[in-house]
Amino acid sequence: MVLMSLKDVTIGFGGPALLDAAELQIERGERICLIGRNGTGKSTLLRLIHDELSPDSGMITKTSGLRTALLPQEVPSDLDGTVYDVISSGQPHQQVQTVISRMSLDETAECATLSAGLQRRVLLARALVSDPDILMLDEPTNHLDIDAIVWMEQFLLRSGKTIIFVTHDRAFLNRVSTRIVELDRGMLISFADTYDDYLTRKQGLLDNEASRNAEFDKHLGREEGWVRQGIKARRTRNEGRVRALMKMRSEVEQRRARSGNMRIMVQEAERSGRLVIKTKNIAVAYDNRPLITDFSTTVMRGDKIGVIGPNGCGKTTLLRILLGEIDPDSGSVRHGTRLQVAYFDQLRAQLDESKTLQENVTDEGDMVTVNGKPRHVIGYLQDFLFSPAQARGPITSLSGGERNRLLLARLFTRSSNVLVLDEPTNDLDGESLELLEAMLIEYTGTVLLVSHDRAFLNNVATSTLVFEGSGRVAEYVGGYDDWLRQRSPAEEPTPALKPKKGRPRGVPTGPRKLTFKEQREREGLPDIIETLEARKQDLFAAIADPELYKTAGTKVAQLQTGLDELEQELEAAYARWELLEGLALKFG
């Protein structure tokens, strides 16, 4: 059932149209991820659907009595009152109580005292209490830790709601969305794919567009050469050809080029010594609460270490101890030789609000040195997608994503052999994230990285330090998914990987040989996994069929729910097989 459709919708605010004759159809049960560059108009589209804005032209058609709710990108600064007060908004008491219970919230807590993650949960509850037909979420994972992100994924998948959301979290996108819609140069383009499949198809579309434009431009060049011949072009019989040339010129003028990518170039200093940092039995507590207990590690040149843990657990404190900025309560920290550190601060404290973008990047003058060569700061900032006018203006008007880009620009004017990045991915669009990933992978120095972006950690980290509660920090090889596979089987699974009916029975609690029953189970699991993988591919093929979205209605949501449940079953089977395989290898 179609809930809403946009036809030939155009809206702009003085510059190029954010939506230019755009079209979109929203079916009941869909979970649409809206993606696009920062500043392309994604939030504007959500506000149009929510009736906060009206289009300059075009038509938005809705089913009778359609209700929408919008979770904004930023938590309002004036979120006063108790959780119950904020959520209720005049709704019936029983309905409010039901939502508060589903969201696991304390209705008597004062909102102003809650963490950013819990405040976003309160705002989500306020959006849900009106029982909207379409729920819109603008960057719902911003500033949430991984546990909170996984909780939100599970909640949205169980809700059965029609959802339109904006996110740059690729793991969240792949987990939640049934369809990707890209906003590119005012047009809305739909992809019924995973994010990786979308990237492949999108590149194909861009290649075709470039090929068509090149052929068009070649033809235009021939016609321009013809008209310059002079008098022959003005003869009556050639007037049609001249009019066609004028039309071609107009088409070129109206062609909108894609905004460029950031050009990231890190300045690597002289290589550090082979040993970078060595800690032994460090411990630190805050208000008699242990943050870190008995932690030892060795960081070698070239390591790329991810740090994972819930908000407030002590990740930034650990970074500062490793860098020698603060001393632990006990234990020792030793640094190697020739360390040059560049530090990206998640709170953007390194930016001076009283200065322009240019002044924030250069301490004085208007030149920066990049890999030993002088460059004008305006040209350098253009590499990070800032116009000359922006570069000379104040930073107070910058969005979160633009502030992140500016901080990266400032960071990479410094030579370094150790990069420390505390939440560098917040507010960056997907293409900028991938460029930053590629740069970090190629960086020959050492990287310490705090992030809640699971895909980013998987792609960059060679090992992870994980806060596992009560001050314990454990070290694992690889990124986020590798940690999930390696952690102790006695640990409680995260909600994202918890099997629907609980943990498999018979999980060993300590080192021992396999029982006969477990040996038979180990032998049979590969066939079970192969069958599940085949079913998964069949479901992927069904969901990727464009014809499905023309006729399916609620079937889209049913197929996606089935796929989610199948993935959970498959993950549980893999985890069980790896556990039994590990015991078999260890104890024969």
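Cut-offs used in this document
- Residues numbered from 1 in each chain as written.
- Predicted model: local features only at pLDDT ≥ 70, side-chain atom pairs only at ≥ 80, totals over all residues.
- Heavy atoms only, no water.
- Helix = DSSP H or I, 4+ residues; strand = E, 2+ residues; numbered from the N terminus.
- Buried < 20%, exposed > 50% of the residue type's maximum accessible area, 1.4 Å probe, protein only.
- Contact = heavy atoms within 4.5 Å.
- Areas by Shrake-Rupley, 256 points an atom, 1.4 Å probe, with all protein chains shown as cover.
- Lys, Arg positive; Asp, Glu negative; His and termini not counted.
- Salt bridge = Lys/Arg side-chain N within 4 Å of Asp/Glu carboxyl O.
- Pairing = 2+ DSSP bridges.
- Axes fitted to C-alpha atoms, helices over the stretch in contact; angles between N-to-C directions.
- Right-handed = clockwise from strand over helix to strand, strands pointing away.
- Patch = residues over 30% accessible without salt bridge, like charges linked within 9 Å, V, L, I, M, F, W, Y side chains within 5 Å.
- Charge placed at Lys NZ, Arg CZ, Asp CG, Glu CD.
- Parallel < 35°, antiparallel > 145°, perpendicular 65-115°, else oblique.
- Nonpolar A, V, L, I, M, F, W, Y, C, P; charged D, E, K, R; others polar.
- Core = buried A, V, L, I, M, F, W, Y, C linked by side-chain atoms within 4.5 Å.
- Phe/Tyr/Trp six-rings, centres within 6.5 Å; stacked < 30°, edge-to-face > 60°.
- Lys NZ or Arg CZ within 6 Å of the ring centre and 35° of its normal.
- pLDDT = per-residue confidence, 0-100.

**What about the overall build of the protein chain?**
When helices and strands are tallied, the protein chain shows 19 helices and 20 strands. A burial count over the protein chain gives 48% of its 588 residues as buried. Within the protein chain, contacts between residues separated by at least 24 positions form 68% of all contacts whose residues are at least 6 apart in sequence. For the protein chain, the computed accessible surface area is about 28,400 Å², with 50% contributed by carbon and sulfur atoms.

**Here we look at the side chain of arginine 121**
As for its position among the elements, arginine 121 is in helix H4 (residues 116-128). Among buried Asp, Glu, Lys and Arg side chains, arginine 121 stands out as unpaired, with aspartate 145 the closest opposite charge at 7.5 Å. In this structure arginine 121 touches Met103, Ser104, Leu105 and Trp151, once residues within four positions along its chain are discounted.

**Some words on the sheet that holds strand E10 (residues 275-286)**
Spatial ordering of the open sheet is given by E11-E10-E13, a layout of 3 strands whose pairing is antiparallel. Of all the strands in the sheet, just strand E11 (289-300) and strand E13 (330-335) have a single pairing partner and so form its edges. Each strand axis lies, on average, 15° off the axis of its neighbour in the sheet, ignoring direction. Across 5 bridges, E10 lies against E13 in antiparallel orientation. Considered in E13, the bridge of threonine 279 is made with valine 333. Those strands touched by helix H9 (residues 315-323) are E10, E11 and E13, and its axis lies near 130° from that of E10.

**Some points on helix H1 (residues 42-49)**
Most of H1 is tucked away: 6 of the 8 residues are buried. When we look at burial in H1, the residues that qualify are Lys42, Thr44, Leu45, Leu46, Leu48 and Ile49.

**A closer look at the pattern of salt bridges**
This model, assessed by the stated rule, comprises 17 salt bridges. When salt bridges with common partners are traced through the structure, they connect Arg67, Asp131 and Lys161 into a single cluster.

**Notes on the pairing of strand E18 (residues 446-450)**
For a regular strand, the rule is simple: side chains alternate between the two faces of the sheet. Where burial is concerned, most of E18 is hidden: 5 out of the 5 residues are buried. Residues of E18 alternate between two faces, with Thr446, Leu448 and Val450 on one and Val447 and Leu449 on the opposite face, all of them buried. Two strands pair when backbone bridges link them, and strand E12 (residues 304-308) and E18 are joined in this way by 4 bridges, in the parallel orientation. Within E18, the residue paired with valine 307 across the bridge is valine 450. By the bridge criterion, 5 bridges tie strand E17 (residues 418-422) to E18 in an arrangement that is parallel. Bridge assignment links leucine 421 to a residue of E18, and that residue is leucine 449. For the handedness criterion, the β-α-β arrangement of E17, helix H14 (residues 430-442) and E18 is classed as right-handed.

**Section: a negative patch on the surface**
On the surface, Asp78, Asp80, Asp85 and Glu110 cluster together to form a negatively charged patch. Relative to the helices and strands, aspartate 78 is located in the loop between strand E5 (68-71) and helix H2 (83-88). Exposure remark for aspartate 78: the relative accessible area of 55% places this residue in the exposed category.

**Let's talk about the packing of H4 against helix H5 (residues 146-159)**
Axis separation between H4 and H5 bottoms out at 12 Å; the angle between their running directions is 10°. Accordingly, the angle class assigned to the pair H4 and H5 is roughly parallel. Contacts from Arg121, Leu124 and Leu128 in H4 reach Trp151, Met152 and Phe155 in H5. Looking at side-chain class alone, the contact of H4 with H5 contains 5 nonpolar, no polar and 1 charged residues.

**A closer look at the nonpolar core**
Formed by 46 residues in total, the largest nonpolar core has its most connected members in Leu381, Leu406, Phe412, Leu419, Leu436 and Leu440. If one sorts the elements of this core by residue count, helix H13 (residues 400-411) sits on top with 5 residues.

**Quick word on the packing of aromatic side chains**
As enumerated under the stated definition, the model contains 6 aromatic pairs in all. Here the aromatic rings of phenylalanine 191 and tyrosine 198 are separated by 5.0 Å at their centres, their planes lie at 80°, and the arrangement is edge-to-face. Summarising the burial analysis for this pair, phenylalanine 191 and tyrosine 198 share the class buried. Here arginine 487 stacks its cationic end above the ring of tryptophan 483, 5.2 Å away from the centre of that ring.

**So, the environment of glutamate 325**
Secondary-structure assignment places glutamate 325 in the loop between H9 and E13. Ignoring any residue separated from it by four or fewer positions in sequence, one finds glutamate 325 in contact with Arg320 and Tyr343.

**Quick word on the confidence of the model for the protein chain**
Residues at a pLDDT of 70 or more form 86% of the protein chain, whose mean pLDDT is 81. Across residues 492-511 the pLDDT falls below 50, and counting only partners more than four positions away or on other chains, this stretch makes 38 contacts in the model.

**Section: unusual backbone geometry**
It is generally the case that most residues other than glycine have a negative phi and that most peptide bonds are trans. Of note in the backbone geometry, arginine 338 takes a positive phi value of approximately 60° without being a glycine. Mapped onto the elements of the fold, arginine 338 is located in the loop between E13 and strand E14 (341-344).

**Considering the environment of leucine 457**
Within the secondary structure, leucine 457 sits in helix H15 (residues 454-460). A relative accessible area of 0% means that leucine 457 is categorised as buried. On a C-alpha basis, the gap between leucine 457 and glycine 479 in space is 5.2 Å, while along the polypeptide they are 22 residues apart. Apart from the residues within four sequence positions on either side, leucine 457 is in contact with Ile146, Gly306, Ile308, Leu449, Ser451, Gly479 and Tyr480.

**Quick notes on the sheet that holds strand E19 (residues 463-467)**
The strand order across the open sheet formed by 6 strands is E14-E17-E18-E12-E19-E20, and the pairing between neighbours is mixed. One side of each edge strand has no neighbouring strand; the edge strands of this open sheet are E14 and strand E20 (473-477). Neighbour-to-neighbour, the strand axes of this sheet turn through a mean angle of 15°, independent of strand direction. Across the sheet, H13 touches E14 and E17, and the angle it forms with E14 is around 170°.

**Topic: H9**
Among the residues of H9, those classed as buried are Lys315, Leu318, Leu319, Ile321, Leu322 and Leu323. After H9 finishes, the residue glycine 324 shows a positive phi value of roughly 80°.

**Structural notes on the pairing of E20**
Here 5 bridges tie E19 to E20, and the two strands are oriented antiparallel to one another. Residue pairing in the sheet places leucine 465 in a bridge with glutamate 475 of E20. Between E19 and E20, which pair antiparallel one after the other, the connecting turn spans 5 residues, and glycine 469 there sits at a positive phi close to 100°.

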